[in-house]
Amino acid sequence: MSLEHLTLLQQLMVVLAAVVLFTSFVLLEQARLVAAIHAFAWQGVLVALVTVIVAASGRHTHLFFSAALTLGLKALLIPWMLHRLVRRLELDRHSEPLRRPALVIMAALALVIFSYWLVLPIVQQELIFTRNIVAVSLAVVLIGLLMMVIRTQAVAQVLGFMSMENGLFLAAVSATGGMPLMVELGVAFDVLVAAVLFGVFFFQIRASIDSLDVDRMNRLTERVDEQ
Amino acid sequence: MSGAVFVTVFTPLAGALLLVWIRNRNRAGWLNVMVSASTFAAALALALEVARREVVAGGGFRVDAFNVYLLVLTAFVGMTTSIFSRPYMQYVCATGKTSARGMRLYHVMFQLFIFTMLLALATDNLGILWVAVEGATLTTVLLVSLYRTPEAIEAAWKYFILCGVGIALALFGTVVLYFAAQHVIDEPAAGLSWSTLHAVAPQLEPSIMSLAFVFLLVGYGTKVGLVPLHQWLPDAHSEGPTPMSAVLSGLLLNVALYAIVRLKMLVDGALAATDTPYLAGQLLMGFGLASFLVAGLFLHRQRDIKRMFSYSSIEHMGLMTFAFGMGGPLATFAALLHMLVHSLTKSAIFVTVGHAAHIAGTQSIEHIRGLIRTQPIVGWGLLIGVAAIAGFPPFGIFTSEFLLLSATMQSQPWFTVALLVGLAVAFAGLFRHLHPMVYGVVPAGQQPVPANMIPVMVHLGLVLWLGVSIPVFLAHWLDRATGLISGGHLL
């Protein structure tokens, strides 16, 4: 595709979307929890910025509100909550390097390519510009999923979950100009409640297995067990 | 605009807000029953209105013959479960498994859960549907970990993470659907309204709709417990308090399947003119059959009684998914009837199992023995309930499974073999565990417990009634829903 055919605002959006994808990779590889929370907060800021640009570029004025909501929730409130939890759980110094970083990055790259392939039907419908951003948001969703699979630490899994939400929001904003306001409020409320509940669970898990490494939770399986 | 919809949907929410303030356990239990009963009364009034006017719409809600029957069913099972849970949870609290705070949490979350399900059923907006289904996860996840055992916390975490991921994919599907709608509908805010989309379904872009449907199926399919997305279900259903197991198995799975069927109706409309018009149905048939067969096999190796019945739920949901996928009036009618009788039977079974576990002091199948001698009513309840769920003739599940087999014979004869084998495997799986539990040698010192078996008798009585003769009004009601979904009538 040729960038010069896009307006300046659109070019800016593509760049921002690319940076969002980049923060996803940072999240995926980041061994230190606190740094990962910061990367997640920056991702929230970038998504909010994309939302502002879509709002400024025309018809969707209610997106200013969504942008404020995203900034407040994803860039400030949830990172702050997670930060506080990590401090209270005394995990500030916790770091957990990936076992096979190269392999993980390759998998994430494959997911990005897969996303581009998957959104092909959308290309026939819409500008090449939308396709890029939708593909990037799907990639952010899938990388979030990958992160939840490979990380065994509960807080890191939650970060993966929340970054999936970021990808979903980016898709909604860029492909459709945002969902109807009622729906967006509902989704934001669900995310907030989920964040609070995750906090509750961190303490319950730690009380139960004395660690937040969820790989140690393995009592419920389908083995024919050895009692 | 209709008041009945608002009253039905928002009574549980109001009840939950009230229950937050009530510290007295006994009073909270009674209030819980009263709120559930008034919800059921409102749902009945709504059903009468829908019977008169075909469709009740307004204020973002839209209730037709299909969802009103699920609304009444949800309100009814909610009511009977609350009646059962009042003494049951007091017993649990007295044994020290949970605290007074836990009880308050339980009552509030029970009503909130009913609220999210009624909202998901009644809303016309696919976005709100998503919000409500996610809300149903959030309200139940703390209840799954209510007893704070390591197993319960593990089950709750798994439930939270797997359903959260699944439902996130469903949201992506919803966004893609909304994207497709924007090319057809001028008013952007109406782009998620199911009725608007259904009216313009043939104009929706087929390739985008298929993409959306795959995401939506995986997302909501996680909540239905379709294999291979079912991993959370046996854990969450077996570790939570028994009343929760009853409503999760009996109601939540239905609501998720309801969402899939609604979306299938849109996709079928969009794909009708392409060369793959049955894509959605075929996907449902594949997932449904896989769930049915795999869950039937898993029944054999269970050691925990609630886990076993969770697998039985997966099996039955698979059967319904298969039937909805096959389409056609007969299969759709069978699936609707099956939803009804399965909910009633499965919640009755979970109630009975709760008592059985209290008698034995454990959920392990090996240690539950001789129920019929220790406490005949629980033993008989379990025996009759399992006979009903396995599809024995006088009960309603036999009727719906028979209709489904006839429909399969008619349109996809080869699948009949798979279905019959699956039914036999599941039957054997249930009965090999059931027999010793009911008739085995009574362990020394096993005592009866205070049991409230009235809900069980009412449910099983209804299932028996539906098996012997489906009342005319209900048959017409289901037939109207069948007409909405499959476009053809049976009666």
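All of these numbers come straight from a predicted model, not from anything done at the bench.

Engineer: Got a sec to walk through the overall build of chain B? Specific residues and values, please.
Structural biologist: Helix and strand counts for chain B stand at 19 helices and two strands. Its C-alpha atoms give chain B a radius of gyration of 21 Å, within 12% of the compact-globule value 23 Å for 491 residues. Dimensions of chain B, computed from C-alpha atoms along their principal axes, come out at roughly 70 × 55 × 45 Å. The buried share of chain B, taken over its 491 residues, is 62%.

Engineer: Tell me about the overall build of chain A, and name the residues and values.
Structural biologist: What chain A contains, in helices and strands, is eight helices and zero strands. Going residue by residue from the N terminus, the α and β elements of chain A occur as α-α-α-α-α-α-α-α. Its C-alpha atoms put chain A at 65 × 35 × 30 Å along the principal axes. Split into buried and exposed, the 227 residues of chain A put 44% on the buried side.

Engineer: If you had to explain the domain arrangement of chain B to someone new, which residues and values would you point to?
Structural biologist: Residue and element names in this part refer to chain B. Entries for chain B in the domain assignment read domain 1 (1-124), domain 2 (148-277) and domain 3 (288-302 + 315-491). Relative to domain 2, the C-alpha centre of domain 1 lies at a distance of 23 Å. Mapped by element, the contributors of at least two residues to the side of domain 1 that touches domain 2 are α3 (65-94) and α4 (100-122). Of the residues in the side of domain 1 that touches domain 2, the class split is 11 nonpolar, five polar and two charged.

Engineer: Quick one: what's the story with the nonpolar core, residue by residue and with numbers?
Structural biologist: Counting residues in each nonpolar core, the largest one holds 265 residues, and the members touching the most others are V155 of chain A together with L46, L71 and F172 of chain B. Ranked by residue count, the leading element in this core is helix α6 (residues 150-182) of chain B, at 24 residues. Residue contacts for L46 of chain B: discarding those within four places in its chain leaves A4, V5, T8, V56, V63, V68 and L71 of chain B.

Engineer: Account for the interface of chain B and chain A, with residues named and values stated.
Structural biologist: Of the residues lining the interface, 38 residues belong to chain B; the matching set on chain A comes to 39 residues. Of all the secondary-structure elements, those providing two or more residues to the side of chain B that touches chain A are α5 (126-144), α6 and α8 (206-224) of chain B. Here the side of chain B that touches chain A gets 17 residues from one element, more than from any other, and that element is α6 of chain B. Residue classes in the side of chain B that touches chain A are distributed as 23 nonpolar, eight polar and seven charged.

Engineer: Give a description of helix α16 (residues 396-411) of chain B that names residues and reports values.
Structural biologist: Residue and element names in this part refer to chain B. Taking 1.5 Å as the rise per residue, α16 with 16 residues should run 22 Å; its terminal C-alpha atoms sit 23 Å apart, in good agreement. The complete set of buried residues in α16 reads G396, I397, T399, S400, E401, L403, L404, A407 and T408. For α16, the secondary structure elements touched by its buried residues are α12 (305-326), α13 (329-360), α15 (376-389), α17 (413-439) and α18 (454-468).

Engineer: Quick one: what's the story with the packing of α13 of chain B against α18 of chain B, residue by residue and with numbers?
Structural biologist: Residue and element names in this part refer to chain B. Viewed as axis vectors pointing N to C, α13 and α18 meet at an angle of 150°, and their least axial separation amounts to 9 Å. The orientation of α13 relative to α18 falls into the category roughly antiparallel. In this structure, α13 crosses over α18, and the sense of that crossing is left-handed. Counted together, V341, L344, T345, S347, A348, V351 and T352 of α13 and P455, V456, H459, L460, L462, V463 and L466 of α18 form the full contact between these two elements. By residue class, the composition of the contact of α13 with α18 is 10 nonpolar, four polar and no charged.

Engineer: Residue-level account of α3 of chain B, with values.
Structural biologist: Residue and element names in this part refer to chain B. Helix length check: α3 (30 residues) gives 43 Å between terminal C-alpha atoms against 44 Å at 1.5 Å per residue, within 8%. In α3, a bend of some 35° at S85 exceeds every other bend along the element, and P87, a proline, comes one to four places later. The element α3 is extensively covered by neighbouring structure, given that 24 of its 30 residues are classed as buried. At the exit of α3 stands G96, carrying a positive phi of roughly 80°.

Engineer: Kindly report on the environment of I209 of chain A, identifying the contributing residues and their values.
Structural biologist: Take I209 of chain A: it is sitting in helix α8 (residues 181-209). Look at I209 of chain A and you get partly exposed, because 18 C-beta atoms sit within 10 Å. When the C-alpha positions of I209 of chain A and E96 of chain A are compared, they lie 18 Å apart, and in sequence the two are 113 residues distant. Not counting residues up to four positions away in its chain, the partners in contact with I209 of chain A are R216 and M217 of chain A together with P150 of chain B.

Engineer: Residues and numbers for unusual backbone geometry, please.
Structural biologist: Trans is the prevailing form of peptide bonds, just as negative phi is the prevailing case for residues other than glycine. Cis geometry is adopted by the peptide bond preceding P228 of chain B, which originates at V227 of chain B and carries an omega value of 5°. Locating P228 of chain B in the fold gives a position in the loop between α8 and α9 (232-239). Despite not being glycine, E90 of chain A shows a phi value in the positive range, around 55°. By secondary structure assignment, the location of E90 of chain A is in the loop between α3 (62-88) and α4 (101-118). Overall, E90 of chain A belongs to the exposed group, with 8 C-beta atoms counted inside 10 Å. In this structure, E54 of chain B is a non-glycine residue whose phi angle is positive, near 70°.

Conventions adopted
- The residue count restarts for each chain, going from 1 along the sequence in the order it is written.
- Think of it this way: whatever chain is written first is A, whatever ligand is written first is 1, and the rest follow in order.
- Two thresholds apply to this predicted model, a pLDDT of at least 70 for residue-level local features and 80 or more for giving and counting side-chain atom pairs, whereas whole-chain, interface and lining totals are computed over all residues.
- By the criteria applied, helices consist of DSSP H or I runs no shorter than four residues and strands consist of E runs no shorter than two, each listed in order from the N terminus.
- In this setup the radius of gyration rests on C-alpha atoms only. A globule is expected at 2.2 Å times the number of residues raised to 0.38.
- The burial label depends on the number of other C-beta atoms within 10 Å of a residue's C-beta. Counts of 20 or more mean buried, 12 or fewer mean exposed, and intermediate counts mean partly exposed, with C-beta atoms placed from the backbone.
- By convention here, the domain bounds are inherited from an automatic or database domain assignment.
- Residues are grouped as follows: nonpolar covers Ala, Val, Leu, Ile, Met, Phe, Trp, Tyr, Cys and Pro; charged covers Asp, Glu, Lys and Arg; every other residue, Gly included, is treated as polar.
- Note on definitions: a nonpolar core is a set of buried residues drawn from Ala, Val, Leu, Ile, Met, Phe, Trp, Tyr and Cys, linked by C-beta atoms within 7 Å.
- Any pair of residues counts as being in contact when their C-beta atoms, constructed from backbone geometry, are within 7 Å of one another.
- A helix is expected to span 1.5 Å multiplied by its residue count minus one.
- Structural elements are reduced to axes, namely lines fitted to C-alpha atoms, with helices fitted over the stretch in contact, and the angle between N-to-C directions of any two is expressed from 0 to 180 degrees.
- Here is the rule for angles: anything less than 35 degrees is roughly parallel, anything more than 145 is roughly antiparallel, 65 through 115 is roughly perpendicular, and the remaining ranges are oblique.
- Working rule for handedness: look at the near helix, and if it is turned counterclockwise from the far one by less than a right angle, call the crossing left-handed; if clockwise, right-handed.
- What we call the bend at a residue is the angle made by axes fitted to the seven residues finishing there and the seven residues starting there.

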